[in-house]
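Summary of structural features
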Amino acid sequence: MVSSTTRVWFITGASTGLGSALTRSVLARGDYVIATARSLRSFDELRQDPTIDKTRLKFLVLDVTSPMEEIMHVAEEALGIWGRIDVLVNNAGTLTYGASEELGAEGIMKDMKTNFVGPMNVTNAILPYMRSRRDGTIVFVGSRSAYRTQMIGVASYSSSKAALHSYGETLAAELEYFNIRVIIAVPGGFATKINAPKRSGRPLEGYEVVRDHMDNTVPKYVNIPKGDPALGMGALVDVVRGEGRAAGRGPPPLWLFLGEDSMLDVRARVEKLQSTLDEWKDVGSNLGLPVEQLSA
């Protein structure tokens, strides 16, 4: 049995990158983890690590793009392990890089299915159990790319993450009635495999300059120093558990910006919106119907 002072975490995309770092950080705090990924073989590194307490770690196969029935089956299996899920972390993600017209809707939907529809289905599969207990925490691992959208080649990824952010914000308002907390983690650049994407899409005539720009920009971006996944996920665990850096700070925030680069991009977006709002407010103001028409 799991004591009332510890938490059971359900983490998607837990075999590599931020998911693996989060799994290690959670276990180091004494909590329990149900780690999921598309293949059990991808957990070999975690399974063979002698420093990890395997009695508090279970592995399950989960492809977040699977039909809802399959996701619900995994959720039921997970709940049968330790009897509850206290923290759901929607971390699994993919990055498709390319010009939006060359990718087309079909190419962009690959990211949408994994980064937006998948987390929504996983959340809906576990929510009934959290609502019945009137307790729980749901974490969506978003991206600063949802704010840094004017970068050539990221339309697919940034759109899917922006949709995830918006969904999480609305869900937070809906679940407040059930004492279920929502955190949208917004990491900047961390040293994970997702930082080295390959350009996709069907080459179209006239896009040669755009493709050259992407091919010259991405390698430089990949080589920029990145954040430490262990430190970033350690901060997330602090916030969920209310300890460490987050000790004494009250309820967790709706948005958790991780990394100085994330904060810089968000500030730049806020400043640009404010500047545009101030400059063009006279054009968009005073557009209401006359009072006599409203009272008619």
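Shown above is the structure to which this text applies.
Below you will find a few notes about this structure. (Residues numbered from 1 in each chain as written. Predicted model: local features only at pLDDT ≥ 70, side-chain atom pairs only at ≥ 80, totals over all residues. Heavy atoms only, no water.)

With that settled, consider the overall build of the chain. A tally of regular secondary structure across the chain gives 9 helices and 7 strands. In terms of overall dimensions, the chain is globule-like: its C-alpha atoms have a radius of gyration of 21 Å, near the 19 Å expected for 296 residues. Taken along the three principal axes of its C-alpha coordinates, the chain extends 65 × 55 × 40 Å. Sequence separation of 24 or more characterises 73% of the internal contacts of the chain that already satisfy a separation of 6 or more. For the chain, the accessible area works out to roughly 15,900 Å², and carbon and sulfur atoms hold 54% of it. Between the averaged position of the 33 positive side-chain charges in the chain and that of its 34 negative side-chain charges there is a distance of 6 Å. (Helix = DSSP H or I, 4+ residues; strand = E, 2+ residues; numbered from the N terminus. Rg over C-alpha atoms; globule rule 2.2 N^0.38 Å. Contact = heavy atoms within 4.5 Å. Areas by Shrake-Rupley, 256 points an atom, 1.4 Å probe, with all protein chains shown as cover. Lys, Arg positive; Asp, Glu negative; His and termini not counted. Charge placed at Lys NZ, Arg CZ, Asp CG, Glu CD.)

When you line up the elements, N91 lands in the loop between β4 (87–90) and α4 (100–133). A polar side-chain atom of N91 sits 2.9 Å from the main-chain carbonyl oxygen of G13. The contact partners of N91, leaving out residues within four places of it in the chain, are T12, G13, L18, G19 and V141. (Polar contact = N/O pair within 3.5 Å; in protein donor to acceptor, adjacent residues only side chain to side chain.)

This brings us to α4. Across its 34 residues, α4 extends only 43 Å between first and last C-alpha, which sits more than 12% below the 50 Å expected from 1.5 Å per residue. At E106, α4 shows its maximal kink, close to 65°. Positive backbone phi, approximately 55°, marks R134, located one or two places after α4. (Expected span 1.5 Å × (residues − 1). Bend = angle between axes of the 7 residues up to and from the residue.)

A rise of 1.5 Å per residue sets the reference length of helix α3 (residues 68–82), with its 15 residues, at 21 Å; its end C-alpha atoms lie 22 Å apart and thus fit the reference within 8%. Among the residues of α3, I71, V74, A75, A78, L79 and W82 are the ones counted as buried. Looking straight down α3, one finds that the buried residues subtend no more than 140° of arc, so they occupy a single side. Opposite its buried face, α3 presents the exposed residues E69, H73 and G80, each directed more than 90 degrees away. A positive phi of about 85° marks G83, the residue just after α3. (Buried < 20%, exposed > 50% of the residue type's maximum accessible area, 1.4 Å probe, protein only. Arc of directions from axis to C-beta.)

Our focus in this paragraph is the packing of α4 against helix α5 (residues 155–175). It is at 8 Å that the axes of α4 and α5 come closest, and there the two elements cross at 25°. Relative to α5, the element α4 is oriented roughly parallel. The interaxial crossing formed by α4 with α5 has right-handed handedness. Across the contact of α4 with α5, the residue classes tally to 14 nonpolar, 8 polar and 2 charged. (Axes fitted to C-alpha atoms, helices over the stretch in contact; angles between N-to-C directions. Parallel < 35°, antiparallel > 145°, perpendicular 65-115°, else oblique. Left-handed = near helix turned anticlockwise from the far one by under 90°. Nonpolar A, V, L, I, M, F, W, Y, C, P; charged D, E, K, R; others polar.)

This structure, assessed with the given rule, holds 5 aromatic pairs. Between F43 and F59 the ring centres are 4.5 Å apart and the planes differ by 35°, which places this aromatic pair in the tilted class. Here the residue F43 occupies a position in the loop between β2 (32–37) and α2 (44–48), and F59 occupies one in strand β3 (residues 57–61), the gap between them amounting to 16 residues. Residue F43 is classed as buried on the basis of its relative accessible area, which comes to 0%. Both rings, one in F116 and one in Y167, keep their centres 6.2 Å apart while their planes meet at 75°; by these two values the pair is edge-to-face. Note that F116 is positioned in helix α4 and Y167 in helix α5, a separation of 51 residues in sequence. Assigned by exposure class, F116 and Y167 land together as buried. These aromatic residues form a ring-pair network of at least three members: F116, F140 and Y167. The aromatic ring of F178 is capped on one face by R131, whose charged end is 5.8 Å from the ring centroid. (Phe/Tyr/Trp six-rings, centres within 6.5 Å; stacked < 30°, edge-to-face > 60°. Lys NZ or Arg CZ within 6 Å of the ring centre and 35° of its normal.)

Another point: the sheet that holds strand β7 (residues 255–258). The 7 strands lie next to each other as β3-β2-β1-β4-β5-β6-β7, forming an open sheet whose pairing is parallel. Each end of this open sheet is capped by a strand with a single partner; those strands are β3 and β7. Sheet twist, expressed as the average angle between the axes of neighbouring strands with direction ignored, equals 20°. Across 4 bridges, strand β1 (residues 8–11) lies against β2 in parallel orientation. The partner of W9 across the bridge, within β2, is V33. Lying over the sheet, α4 contacts β1, β4, β5 (136–141) and β6 (180–187), oriented at roughly 175° with respect to β4. The strands that helix α7 (residues 229–241) touches are β1, β4, β5, β6 and β7; relative to β7, the one it contacts most, it runs at about 155°. (Pairing = 2+ DSSP bridges.)

As a further point, take the nonpolar core. Of all hydrophobic cores here, the largest spans 36 residues; its most connected members are F10, V122, I126, I138 and L171. The set of elements that each furnish at least two residues to this core consists of β1, β2, α3, α4, β5, α5 and β6. Top contributing element to this core by residue count: α4, with 9 residues. Residues within four places of I126 in sequence aside, it is in contact with F10, A75, I85 and L88. Residues L46, L57, L236 and L258 belong to the second largest nonpolar core, which totals 32 residues. (Core = buried A, V, L, I, M, F, W, Y, C linked by side-chain atoms within 4.5 Å.)

Everything listed here is a matter of geometry and, on its own, says nothing about what the molecule does.
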